[in-house]
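Fold and contact review
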Amino acid sequence: MPVYFGLWKLNTNIPPPPTAEEQARMNEAFLAMIKSQMQEGVLKEEYTFLEGGHGYFITGDVPEEKIHEPLRHGCPSLPSNSIG
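Quick notes on the rules
Residues numbered from 1 in each chain as written. Predicted model: local features only at pLDDT ≥ 70, side-chain atom pairs only at ≥ 80, totals over all residues. Heavy atoms only, no water. Phe/Tyr/Trp six-rings, centres within 6.5 Å; stacked < 30°, edge-to-face > 60°. Buried < 20%, exposed > 50% of the residue type's maximum accessible area, 1.4 Å probe, protein only. Helix = DSSP H or I, 4+ residues; strand = E, 2+ residues; numbered from the N terminus. Expected span 1.5 Å × (residues − 1). Arc of directions from axis to C-beta.

Points about the packing of aromatic side chains
- For the structure shown, the criterion picks out 5 aromatic pairs.
- When the centroid spacing of 6.1 Å and the interplanar angle of 65 degrees are considered together, the rings of Y47 and F49 count as edge-to-face.
- Here Y47 falls in the partly exposed class, since its relative accessible area comes to 45%.
- Centroid distance Y47 to Y56: 5.9 Å. Interplanar angle 35 degrees. Geometry classified as tilted.
- Classification of Y56 as buried rests on a relative accessible area of 18%.
- These aromatic residues form a ring-pair network of at least three members: F5, Y47, F49 and Y56.

This is the structure in structure tokens:
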């Protein structure tokens, strides 16, 4: 199976949470998802750029379906480009 390099960015089409507390919870959920994927071996590396709304990832040796799985769960950060 191939290893993928991808860029991700915050989906700005989704309205922001109404309160700062809810926005913090959403960010914590995203970070927890990344940590979980790192522990599972789905991701080998993930980096958030300085601005915070986008970054990159490098996957482990996993099927492409596994990379897009978070999208089915409503993750607000979308892979914008992947290279296999």
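So, helix α1 (residues 20–40)
- With 21 residues, α1 extends 30 Å from end C-alpha to end C-alpha; this agrees with the ideal 30 Å at 1.5 Å per step.
- Residues of α1 that are buried: F30, I34 and Q37. Taken end-on, α1 shows its buried residues confined to a sector of 65 degrees, consistent with a single buried face. Turned more than 90 degrees away from the buried face of α1 sit E21, E28, K35, Q39 and E40, all of them exposed.
- With its phi angle positive at about 90 degrees, G41 sits one or two positions after the end of α1.

Remember that the coordinates give geometry; whether it matters functionally is a separate question.
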